[in-house]
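# Summary of structural features
Below are the chains, spelled out letter by letter.
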Amino acid sequence: MAYAVGDTIAARTVHLDRESLVRYAGASGDFNPIHYRDDIAASVGLPGVLAHGMLTMGIASSVVVAALEPGTRILDYGVRFTKPVVVDPVDGADVHVLATVGAVDGESARIDLKVTFDETTVLVKAQLRVAV
Ligand SMILES: CC(=O)OP(=O)(O)O
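Here the structure is a predicted model, which is why all the values come from computation and not from measurement. (Residues numbered from 1 in each chain as written. Predicted model: local features only at pLDDT ≥ 70, side-chain atom pairs only at ≥ 80, totals over all residues. Heavy atoms only, no water.)

### So, the overall build of the chain
To keep it simple, the criterion reads: In this text, helices come from DSSP runs of H or I with a minimum length of four residues, and strands from runs of E with a minimum of two, each type numbered from the N-terminal end. Buried means the residue's accessible area, taken with a 1.4 Å probe over protein chains only, is under 20% of the maximum for its type, while exposed means over 50%, and partly exposed covers the values in between.
Of the regular secondary structure elements, the chain holds three helices and five strands. Moving toward the C terminus, one meets the helices and strands of the chain in the order β-α-α-α-β-β-β-β. Over its C-alpha atoms, taken along the principal directions, the chain stretches across nearly 50 × 30 × 20 Å. The 132 residues of the chain split such that 37% are buried.

This is how it looks when you write it as C-alpha cells:
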C-alpha cells in the first residue's frame, strides 16, 4: 500500500450504546459502574455514563486496521485522552474517526487520527505508525 502525506486512510462513524459498554466490560474485565450505571456516574459528578477509554482507543485503531492491507505491521500506537465519550441511555453515542497520513519515511508511515464525539475531540496526539 502506498502512503502519501494528506491521504485519507479511513473515515467512519462508530455507534456505541449501553450494550457496547457492557460487552466491553465483560471482555476487558473493567466493571467500574461509571461505565453502565447512570446513578453512580452522577454520584461522582460525571455528566453521564462514560465509554471506557480503552474502548474508544480500540475503536479508533480498528477503523484504521480495517482499511490497511492484511498483514500490515503496526509499529506503535498512542493517544492522549482529553474528553470522555458520554453514552446516552437512549441515543447512545457516535464516535467519528478520521485517519489521514501525517508523515512518511523510508520505513514507516504515521497515521494521524482525529477522533470526535459530539463535535469535540476526545483523543489528541492519536497516532499509529505502520511499516511501509
Ligand atoms: C473514561 C474512563 O474512565 O475510562 P477507563 O475506565 O477506561 O479509564
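### Thoughts on helix H3 (residues 53–67)
Convention followed: Under the convention used throughout, the expected extent of a helix is 1.5 Å for every residue step, that is, one less than its residue count. Between two residues, a contact is recorded if the distance between any of their heavy atoms is within 4.5 Å.
Between the first and last C-alpha of H3 there are 22 Å, a value that for 15 residues agrees with the 21 Å anticipated at 1.5 Å per step. Where H3 is concerned, the buried positions are Leu55, Thr56, Met57, Ile59, Ala60, Ser61, Val63 and Val64. Where H3 is buried, its residues meet strand E1 (8–16), helix H1 (18–28), strand E2 (74–81), strand E3 (93–104), strand E4 (108–117) and strand E5 (120–131).

### What about H1?
Inclusion rule: Starting at the helix axis, one direction is taken to each C-beta atom, and the arc is that of these directions. Under the rule applied, a polar contact is a pair of N or O atoms within 3.5 Å (in protein, one hydrogen donor and one hydrogen acceptor; residues adjacent in sequence only if both atoms are side-chain atoms).
What H1 keeps buried is the set Arg18, Ser20, Leu21 and Ala25. Angularly, the buried residues of H1 cover 155 degrees about the axis, an arc narrow enough to put them on a single face. Of the residues in H1, the exposed ones pointing more than 90 degrees away from the buried face are Arg23 and Ala27. Where the residues of H1 are buried, they touch E1, helix H2 (38–43) and H3. The opening residue of H1, the one whose side-chain oxygen lies 3.1 Å from the backbone nitrogen of Glu19, is Asp17.

### Here's the deal with the site of the ligand
Rule in force here: We define proximity as follows: a residue is near a molecule or strand when any one of its heavy atoms falls within 4 Å of that partner. Asp, Glu, Lys and Arg are counted as charged, while Ala, Val, Leu, Ile, Met, Phe, Trp, Tyr, Cys and Pro are counted as nonpolar; the rest, among them Gly, fall into the polar class.
If you check the shell around the ligand, you find Asp30, Ile34, His35, Ala51, His52, Gly53 and Met54 and nothing else. Side-chain polar atom of Asp30 to an oxygen atom of the ligand: 3.3 Å apart, as the coordinates give it. Residue classes in the shell around the ligand are distributed as three nonpolar, three polar and one charged.

### Considerations on the UniProt feature "domain: MaoC-like" (unreviewed entry) in the chain
Keep this limit in mind: UniProt positions are given in the numbering used here, feature names are shortened, and annotations may be inferred rather than shown by experiment.
UniProt feature "domain: MaoC-like" (unreviewed entry): in the numbering of this structure it lies at residues 7–88. Note that residues 7–88 is 39% helix and 21% strand, and that its end C-alpha atoms are spaced 33 Å apart.

### Some words on the pattern of salt bridges
As a reminder of what qualifies: What makes a salt bridge here is a side-chain nitrogen of Lys or Arg within 4 Å of a carboxyl oxygen of Asp or Glu, nothing more.
A complete count under the given rule lists five salt bridges for this structure. Between Asp38 and Arg18 there is a salt bridge; the shortest N-O distance is 2.8 Å. Remark: Arg18 occurs in helix H1 and Asp38 occurs in helix H2; sequence separation between them is 20 residues. Classification of Asp38 as partly exposed rests on a relative accessible area of 36%. Among the salt bridges present, the one from Arg110 reaches Asp112, with a minimum N-O distance of 2.7 Å.

### A short note on the environment of Ile34
Structurally, the position occupied by Ile34 is in the loop between H1 and H2. Spatially, the C-alpha atom of Ile34 lies 9.0 Å from that of His52, the residues being 18 residues apart in sequence. If sequence neighbours within four positions are ignored, Ile34 has contacts with Ile40, Ala41, Val44, Leu46, Val49 and Leu50.

### Concerning the environment of Arg12
Looking at the secondary structure, you find Arg12 in strand E1. If near-sequence neighbours (up to four positions away) are discounted, Arg12 is found in contact with Val63, Ala66, Val95, His96 and Val97.

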